[in-house]
Amino acid sequence: MVDYENNEGFDMNDDREEIYSKAVKAGKRTYFFDVKATRNNDYYLTITESKKKFDKDGSASFEKHKIFLYKEDFEKFAEGLDEVVAVVKNALKGKFPEDY
C-alpha cells in the first residue's frame with residue numbers, strides 16, 4: 001500500500017525530463033499537469049493534486065496525490081473525463097442522465 005502523505009512508493013529522485021508544466025489554482029487546491037519524457041523519449045502525463053493543510057501547531061504542509069497517465073490511455077481518459085464533466089454540468093442545470 002502506498003502512503004501518499006509521506007510519498008512512500010514514489011521515486012523522489014524523478015530523473016525524467018520535464019517537457020511542459022501547467023499549474024491550475026482552484027480554491028484550496030492546486031493541480032499540476034506535467035508532461036515528462038522517459039529515457040526512450042516516450043511521453044507521459046502526471047496529474048498532481050496539492051492541498052495545503054495545517055498541523056496542530058500551525059505549521060503548514062502539503063498533501064499530494066498523483067496520477068500517472070500514459071499516452072496509450074490519453075484518449076479514453078479524456079473521453080471519460082469529458083463525459084462525467086458534462087453529467088455534472090447538466091445536473092447543475094437540473095438535467096439528470098436517464099440511466100447510469
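What you see is a predicted model; the values in this text were computed from it and never measured.

Describe the overall build of the protein chain, and please don't skip the residues or the numbers.
Along its length, the protein chain carries one helix and four strands. Each of the 100 residues in the protein chain was classed as buried or not, and the buried ones make up 11%. Look at the contacts in the protein chain between residues 6 or more apart in sequence, and 18% of them connect residues 24 or more apart. Of the roughly 8500 Å² that the protein chain leaves accessible, carbon and sulfur atoms contribute 52%.

Describe in detail the pattern of salt bridges, supporting the description with residues and values.
Pairing is possible between side chains of opposite charge, provided their charged atoms come close. Per the counting criterion, the structure on display carries three salt bridges. With its nearest N and O atoms 2.7 Å apart, the salt bridge here joins Glu49 to Arg29. In this pair, Glu49 sits in strand 3 (residues 43-54) while Arg29 sits in strand 2 (residues 29-37), placing the two residues 20 residues apart along the sequence. Since its relative accessible area comes to 30%, Arg29 is described here as partly exposed. Measuring nitrogen to oxygen at the nearest pair gives 3.8 Å for the salt bridge that ties Glu63 to Lys53.

Hey, could you go over the sheet that holds strand 3 for me, with residue numbers and the actual values?
A sheet is described by the order of its strands in space; here four strands give the open sequence 1-2-3-4, paired in antiparallel fashion. Only two strands of the sheet have a single neighbouring strand rather than two, namely strand 1 (17-26) and strand 4 (60-70). If you compare each strand with its neighbour and ignore which way they point, the axes differ by 20° on average.

Which residues make up unusual backbone geometry, and what are the values?
If a residue is not glycine, its phi is most likely negative; likewise, a peptide bond is most likely trans. In this structure, Asn41 is a non-glycine residue whose phi angle is positive, near 60°. Residue position: Asn41 is located in the loop between strand 2 and strand 3.

Go over the pairing of strand 4 with me, naming the residues and quoting the values.
With eleven bridges connecting them, strand 3 and strand 4 associate as antiparallel partners. Looking at strand 4, one finds that Thr48 is bridged to Lys66.

Cut-offs used in this document
- Residues numbered from 1 in each chain as written.
- Predicted model: local features only at pLDDT ≥ 70, side-chain atom pairs only at ≥ 80, totals over all residues.
- Heavy atoms only, no water.
- Helix = DSSP H or I, 4+ residues; strand = E, 2+ residues; numbered from the N terminus.
- Buried < 20%, exposed > 50% of the residue type's maximum accessible area, 1.4 Å probe, protein only.
- Contact = heavy atoms within 4.5 Å.
- Areas by Shrake-Rupley, 256 points an atom, 1.4 Å probe, with all protein chains shown as cover.
- Salt bridge = Lys/Arg side-chain N within 4 Å of Asp/Glu carboxyl O.
- Pairing = 2+ DSSP bridges.
- Axes fitted to C-alpha atoms, helices over the stretch in contact; angles between N-to-C directions.

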